[in-house]
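Here are the chains, one letter per residue:
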Amino acid sequence: GAKRSGKAKYEIFDPSMGAEAHARLGLENDLRRAVGNGGAEFRVFYQPKVLLETGEIFGFEALLRWRHPERGVVGPDEFIPLAEETGLIVDLGRRVLREACRQAKTWQGEAAPGLVVGVNLSARQFQDPNLVGDVSAVLAETGLAPDSLVLEITESVVMDDAPVAAGTLAALKDLGLRIAVDDFGTGYSSLSYLKRFPVDYLKIDRSFVDRIEDSDVEAIVSAMIDLAAALGLRVIAEGVEEEGQRSRLETLGCELAQGFLFSKPLPALDAARLLRMRLAPRPGIG
Ligand code: C2E
Ligand code: MG
Ligand code: MG
Ligand code: MG
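Nothing here was measured: the structure is a model prediction, and the numbers come from that model.

The rules behind these values
- Residues numbered from 1 in each chain as written.
- Chains lettered and ligands numbered in written order.
- Predicted model: local features only at pLDDT ≥ 70, side-chain atom pairs only at ≥ 80, totals over all residues.
- Heavy atoms only, no water.
- Buried < 20%, exposed > 50% of the residue type's maximum accessible area, 1.4 Å probe, protein only.
- Helix = DSSP H or I, 4+ residues; strand = E, 2+ residues; numbered from the N terminus.
- Arc of directions from axis to C-beta.
- Near = heavy atom within 4 Å.
- Polar contact = N/O pair within 3.5 Å; in protein donor to acceptor, adjacent residues only side chain to side chain.
- Areas by Shrake-Rupley, 256 points an atom, 1.4 Å probe, with all protein chains shown as cover.
- 1 Å grid on protein atoms, 1.4 Å probe; cavity = no way out; pocket = protein on both sides within 12 Å on 5 of 7 lines; lining within 4 Å.
- Sits in = over half its atoms within 2 Å of the grid points.
- Nonpolar A, V, L, I, M, F, W, Y, C, P; charged D, E, K, R; others polar.
- Points joined across faces, edges and corners; volume = space filled by probe spheres on them.

### Thoughts on helix α12 (residues 268-277)
And step 1. Where α12 is concerned, the buried positions are Ala271, Ala272, Leu274 and Leu275. End-on view of α12: buried residues confined to an arc of 160 degrees, all on one side of the axis. Facing away from the buried side of α12 by more than 90 degrees, the exposed set consists of Leu269, Arg276 and Met277.

### A few points about the site of ligand 1
And step 1. Looking at ligand 1, there are 23 residues lining it, with Arg65, Asn120, Asp182, Glu241 and Phe260 nearest.
And step 2. The separation between a nitrogen atom of ligand 1 and a polar main-chain atom of Ser122 is 3.5 Å.
And step 3. Taking Asp183, its side chain carries an N or O atom lying 3.1 Å from an oxygen atom of ligand 1.
And step 4. Calculation on ligand 1 without its partners gives an accessible area of 790 Å², and the protein chains cover 84% of this total.
And step 5. In this structure the site holding ligand 1 corresponds to the largest pocket.
And step 6. Looking at the shell around ligand 1 residue by residue, the classes come out as 9 nonpolar, 6 polar and 8 charged.

### Side note on empty space enclosed by the protein
And step 1. For the coordinates displayed, the defined rule picks out 1 cavity of 30 Å³ or more.
And step 2. The calculated volume of the largest cavity comes to roughly 100 Å³.
And step 3. As for the largest cavity, its lining consists of Val90, Gly93, Arg94, Leu97, Val119, Asn120, Leu121, Gln125, Asp128, Leu131, Asp134 and Val135.
And step 4. By residue number, the principal contributor to the lining of the largest cavity is helix α3 (residues 88-110), which donates 4 residues.

Here it is, written out as structure tokens:
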């Protein structure tokens, strides 16, 4: 069948197109129904962000899951692009933000006062004229301190329409929250926006962490970490799966990391259990 890469693309002469286009339309209708139904099929999962030096949980990233009544769990890489194209992401994303902020506020009261929560924003959400007002309303409603919230945005989204993006980022920063550049290293080659735009975190893309044993890749990761330090940004490595990667990153001076080595994204109850232990699971411990 036709391969999908981000946005669905179909080859005109692919005989399977009919079936695949049909399936996609089915999924789109289901998504519309699920969002319209009050979102009961959606759950926010949480993956710990870990301080490499101590193994402590610094915060969580909120990651959306869709439990489809017939298909089972549909991953974000499948339905977020659809939600983008249809505009459903604006409504859905607002709910993720509210739920994640509410949850973080609860956990701060129970176990972890300084806990930080990361929420992903896609292009459509970032361009939504109500974004700043919505975020501000959610912070007020949940009582979460603005500096506990990190909005994760990819480079390409930030650079898409630079003057407008700069205004939106400035308005978000005025609310007191933090901005992370997600999937850093995979988008634009120009780094000048890092100086111009008020970002707080760089998230080194998983593809670099994956190949960090390669000395050229290690040199790139090292340069990213140094660049972040020079600009006063904090660094999070994504997709740490192996102890060797973790120790390499720590040696290079990377402050924070996420990845299956520490924990997969978890339902809120399991994340809370982890948080009560304060330390993220690590090989050889627990
Ligand atoms: P992302 O923001 O870059 O999130 C990191 C992705 O890497 C997550 O995939 C996470 O489960 C996965 N991951 C974490 N550690 C590891 C690891 O050690 N190995 C591997 N192989 N993968 C790891 P997920 O949850 O499937 O989300 C995919 C993307 O979907 C996210 O990439 C983000 O761009 C988007 N997304 C997820 N939730 C939301 C949401 O609520 N709103 C928006 N707008 N986008 C979302
Ligand atoms: Mg992210
Ligand atoms: Mg990422
Ligand atoms: Mg991503």
